Amino acid sequence: MQKLITRLALTNLKKNKEIYIPYMISGVLACAFYYIFTTLSMNPEIEALYGGKTIGETLRLGGRIIALAAGVIVLYANSFTMKRRMVEMGLYSVLGLEKRHIGRMVAVENLLVGCTVMVTGLVTGMLLDKLSYAVLLRVMRFPVTLNSFFSVRAVGKTGIVFGLIFLAVILVNCWKIMRYNPLALMKEKRSGEKEVRFLWLGTLLGVLMLGAAYTIAVRVENPVKALTLFFGAVLLASGGTFFIFRSGSIMLFRLLQKNKSYYYKPQNFISVSNLIFRIRKNAAGMASICLLCSMALVSLIGGISLYKGGREYLNAVAAKPYVVDISRGEKEVEASQKTVQELWETEDGILAGIEEKYGLNQKGARNYRYVLLPLQEEKAPYKINQPTQGIEIPKAYLTVIDQSVYKVMTGKSENLKETEVLLYDPSGSSKEKQVTLEGQTYQIKEQLDTDIISGNISRGMSNLVNNQKVMVVSDLKKFEEVQETLKEKENISWHHFYSWETKNKQEKDFRAKVEAELQTYPELQGISSVSITDRHYDELEYYQLIGGIVFIGGFLALLFLSAMVLVIYYKQYAEAHEDCERFAILQKVGLDGKDINKTIARQVLTVFFMPITLAIIHMIFAYNIVQQILQLLGVINKRLMLGVSVGTSVVMVAFYGAVYLMTAKVYKNIVTRR
């Protein structure tokens, strides 16, 4: 009996190769991707890199995400293949095979498919391992080497994960076969075509959920809040997408039915009628395609923007190769002023001989003083932002320097009076003649057209705010005396900024050595906050984080796209087989081949481009919240992200169109084959 069951399993796989081959290709890709992430996370050469442990943890996280996505894809593909074959299973039962025999046959089929997927996926992963390692090094800005690493543990872990996935497939299939009687099995293929009820309620729910998701995405202004609200908005958008396709699409087609000039044409009449008849099954497939397109777009746009925008971010947060930035709070101004000067600027201070100690270039040394003010609003009059409970990011930042610092930065001399300022305000009017800060009014001598702070002073976390203003005053000490109320405000910081170039390519452990030296000065404890920047190592840390995210995002985008193509192919394949009999009847009543081709094109085109259209709409509304989250990770150039978003969307539509042409041809061939 076992030989017969094995022979039947092999025959069934060969006979149903049209649906099993795409299923297996998606499984092979997922298995290969998981193996690549697993073996890279175990690669000793990666562990030896700067920040290797963090890179390994990032890759392990990516592997878990891919394993979860692979499970969903395999279970979906299995669900489709079993539904297509339920009539076959019922026929076996009618002809005399017991349920346990049918279950064993299906288990053998799944075992053969699973083993093929795992072996082929592992071989593919091993072949791509060297290339993947080189790509990972490239996105992390490490020297690229083509080295391959084989790990028995990685092979075993991949086998266990995908073995469990296919074991779940076997159990689900056996449970379904044991649960149904032969007649139910033969009817299962045609399930899912029931009339959808409560159309208005479903459509209203879809509109409300999408409206709520779009409102959250558009109105959020705080990058930290954007990160916390993102997943809630995604859940709302996912639910709204399902209801829109399930109920809203029927409402749309019902409205088309009422449009007599459109509906009573042979091609439109047949297409709309068929779509309404099968709308419940179409809704799930169309919603899945739309969400997969949206996820692929977000992954690609985020990854490309991070990779391209990293350099500009580093220029903002690490303006010079070596920086020591001492910031003081409002209650520390008087107490720490003398301490800071004694410790840092005297012959016996910390900075004494620092150029000789660390090989720094004394000619490129700079020493600036400035005040950083968080603002409540983007436009004047300027008021200091006061912290509330939770994390709050100001609407803008105002950096105040005096004319002596301005001269060092620009080479231009100014002779400002105490009440005169130079102002750079990207959100203000160029015609303004005066500006008010906390009740104190200053005359604007000149409106600056460039941000002179950028490239001279590191902005750190204040760089999360796009609106950066600059005010140049006559003398910073007099400014502090005039603006006495500033000392009563929280969130304000007074800074001493020191920076150096380097004679050598890099000075190893500059930050660690200076931090260690600070520990010997107890006078600094509780008085000053010191930020030490070593640009070389900041770059390594930034790109090890961003490179890992980009690497994972790229593989996830490929996995989402493969799943999207799989869903589209299965959807077109199933609909084509279901339409064969209907179009055969229409041919018998007089519909010629030309009309059939037009009908097919109209039906496929109408349904096919609804998901990508809604996915693009999702991306348009999600642009703001995605931009806020990417700003947390370093994408501060809005024009860059806008260009990447438009370009990626155009490429996605072109790819989607190519898939349409391919699957429309499959649909047409199946329908017209008879």
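In the block above lies the structure referred to throughout.
Residues numbered from 1 in each chain as written. Predicted model: local features only at pLDDT ≥ 70, side-chain atom pairs only at ≥ 80, totals over all residues. Heavy atoms only, no water.

Student: Is there a simple way to think about the overall build of the protein in this case?
Tutor: Within the protein, the regular secondary structure consists of 21 helices and nine strands. Per-residue burial over the protein gives 52% buried out of 674 residues. At a minimum sequence separation of 6, the contacts of the protein that also span at least 24 residues come to 83%. For the protein, the exposed area adds up to about 32100 Å²; of that, 60% sits on carbon and sulfur atoms. (Helix = DSSP H or I, 4+ residues; strand = E, 2+ residues; numbered from the N terminus. Buried < 20%, exposed > 50% of the residue type's maximum accessible area, 1.4 Å probe, protein only. Contact = heavy atoms within 4.5 Å. Areas by Shrake-Rupley, 256 points an atom, 1.4 Å probe, with all protein chains shown as cover.)

Student: Explanation requested: a nonpolar patch on the surface in the structure shown.
Tutor: A contiguous nonpolar surface patch, about 530 Å² in accessible area, is contributed by Val119, Val123, Leu127, Leu128, Leu131 and Val135. Looking at the element boundaries, Leu127 is found in helix α6 (residues 99-139). (Patch = residues over 30% accessible without salt bridge, like charges linked within 9 Å, V, L, I, M, F, W, Y side chains within 5 Å. Salt bridge = Lys/Arg side-chain N within 4 Å of Asp/Glu carboxyl O.)

Student: Can you help me understand the pattern of salt bridges in this one?
Tutor: Opposite charge on two side chains lets them pair, provided their charged atoms get close. Inspection of the entire model under this criterion finds three salt bridges. The salt bridge partner of Glu414 is Lys445, with a shortest N-O separation of 3.4 Å. With Glu414 in the loop between α16 (403-410) and β4 (420-424) and Lys445 in strand β6 (residues 440-447), the pair connects residues that are 31 residues apart, well separated along the chain. The exposure class assigned to Glu414 is partly exposed, which follows from its relative accessible area of 21%.

Student: Just to check I follow, could you spell out the packing of helix α1 (residues 2-15) against α6 for this structure?
Tutor: Two quantities define a packed helix pair, namely the angle between the helix axes and the distance between the axes. Interaxial distance between α1 and α6 falls to 9 Å at its minimum, and their mutual angle equals 55°. If you check the angle between α1 and α6, you find them oblique. For the pair α1 and α6, the crossing hand works out as right-handed. When α1 is examined against α6, the residues Gln2, Ile5, Thr6, Leu8, Ala9, Leu10, Asn12 and Leu13 are found in contact with a partner set consisting of His101, Arg104, Met105, Val108, Glu109, Leu112 and Val113. Residues belonging to the contact of α1 with α6 are distributed by class as follows: nine nonpolar, four polar and two charged. (Axes fitted to C-alpha atoms, helices over the stretch in contact; angles between N-to-C directions. Parallel < 35°, antiparallel > 145°, perpendicular 65-115°, else oblique. Left-handed = near helix turned anticlockwise from the far one by under 90°. Nonpolar A, V, L, I, M, F, W, Y, C, P; charged D, E, K, R; others polar.)

Student: Would you explain the nonpolar core in this entry?
Tutor: One recurring pattern in soluble globular proteins is that nonpolar side chains are buried together. Membership of the largest hydrophobic core comes to 112 residues, with the highest contact counts inside it found for Tyr23, Phe162 and Ile625. A per-element tally of this core places helix α19 (residues 535-588) first, with 24 residues. If sequence neighbours within four positions are ignored, Tyr23 has contacts with Val74, Ala77, Asn78, Thr81, Val113, Phe166, Val169, Leu566 and Tyr570. (Core = buried A, V, L, I, M, F, W, Y, C linked by side-chain atoms within 4.5 Å.)

Student: Whenever I open this one, the environment of Ser499 confuses me. Can you help?
Tutor: Along the chain, Ser499 turns up in strand β8 (residues 493-502). Here the alpha-carbon distance between Ser499 and Ile532, two residues 33 residues apart in the chain, equals 9.8 Å. Once you skip the residues sitting within four places of it in the chain, Ser499 turns out to touch Lys320, Tyr322, Val323, Gly364, Ala365 and Arg366.

Student: Sorry if this is basic, but what is going on with helix α2 (residues 17-41) here?
Tutor: Each α-helix winds once per 3.6 residues, and so residues spaced three or four apart point in a common direction. If you check α2, its first and last C-alpha atoms are 35 Å apart, about what 25 residues at 1.5 Å a residue would give, namely 36 Å. Burial of α2 is extensive: 20 of the 25 residues sit out of reach of the surface. (Expected span 1.5 Å × (residues − 1).)

Student: Before we go on, may I ask you to explain the packing of aromatic side chains in this structure?
Tutor: What the rule picks out here adds up to 13 aromatic pairs. Ring geometry for Phe242 and Phe243: centres 5.8 Å apart, planes at 70°, overall edge-to-face. Aromatic ring contacts, followed pair by pair, group Phe33, Phe37, Phe551 and Phe555 into a single cluster. (Phe/Tyr/Trp six-rings, centres within 6.5 Å; stacked < 30°, edge-to-face > 60°.)

Student: How do you make sense of the packing of α2 against α6 when you look at a structure like this?
Tutor: As a packed pair, α2 and α6 sit with axes 6 Å apart at the nearest point and diverge in direction by 45°. When the axis of α2 is compared with that of α6, the two are oblique. Pair α2 / α6 crosses with right-handed handedness. Classifying every residue of the contact of α2 with α6 by side-chain character gives 17 nonpolar, eight polar and two charged.

Student: Would you mind going over the environment of Met24 with me for this structure?
Tutor: In this fold, Met24 is placed in helix α2. Each C-alpha atom, one on Met24 and one on Thr116, is 8.0 Å from the other, the two residues being 92 residues apart in sequence.

Student: I would appreciate a short explanation of the pairing of β4 in the present structure.
Tutor: Consecutive residues of a regular strand have side chains that alternate between opposite faces of the sheet. The element β4 is largely enclosed, with a buried count of five among its five residues. Residues Glu420, Leu422 and Tyr424 point to one face of β4 and Val421 and Leu423 to the other, with burial holding for every one of them. In this sheet, β6 lies alongside β4 in parallel orientation, the contact comprising four bridges. Within β6, the position partnered with Leu423 by the bridge is Gln447. (Pairing = 2+ DSSP bridges.)

Student: Quick question: what am I supposed to make of the pairing of strand β5 (residues 434-437) here?
Tutor: Burial along β5 is one-sided: the residues Val435 and Leu437 are buried and none of Gln434 and Thr436 is. Here β5 folds back onto β6, and the loop between the two strands holds two residues, one of which, Glu438, carries a positive phi near 50°.

Student: How should I be thinking about the state of the cysteines in this particular structure?
Tutor: Disulfides are covalent bonds that connect the sulfur atoms of two cysteines. Summed over the entire model, instances satisfying the criterion amount to zero disulfides. A disulfide-free cysteine, Cys293 has its sulfur positioned 6.9 Å from the sulfur of Cys290, the nearest such atom. (Disulfide = S-S within 2.5 Å.)

Student: Explanation requested: the side chain of Lys469 in the structure shown.
Tutor: With respect to the helices, strands and loops of the structure, Lys469 is situated in strand β7 (residues 468-473). Judged by relative accessible area, which is 0%, Lys469 ranks as buried. Only 2.5 Å separates the side chain of Lys469 from the side chain of Asp425, close enough to count as a polar contact. (Polar contact = N/O pair within 3.5 Å; in protein donor to acceptor, adjacent residues only side chain to side chain.)

Student: Got a minute to help me understand the side chain of Ser41 in this structure?
Tutor: Along the polypeptide, Ser41 turns up in helix α2. For Ser41, the contacting residues outside a window of four places in its chain are Glu47, Gly56, Leu59 and Arg60.

Student: Even after reading the chapter, I still don't get the environment of Ile5, so can you show me in this structure?
Tutor: For Ile5, the location among the structural elements is in helix α1. The exposure class assigned to Ile5 is buried, which follows from its relative accessible area of 2%. Separated by 100 residues in sequence, Ile5 and Met105 place their C-alpha atoms 5.3 Å apart. Those residues in contact with Ile5 that lie beyond four places of it in its chain are His101, Arg104, Met105 and Val108.

The values reported here are purely geometric and, on their own, carry no functional implication.
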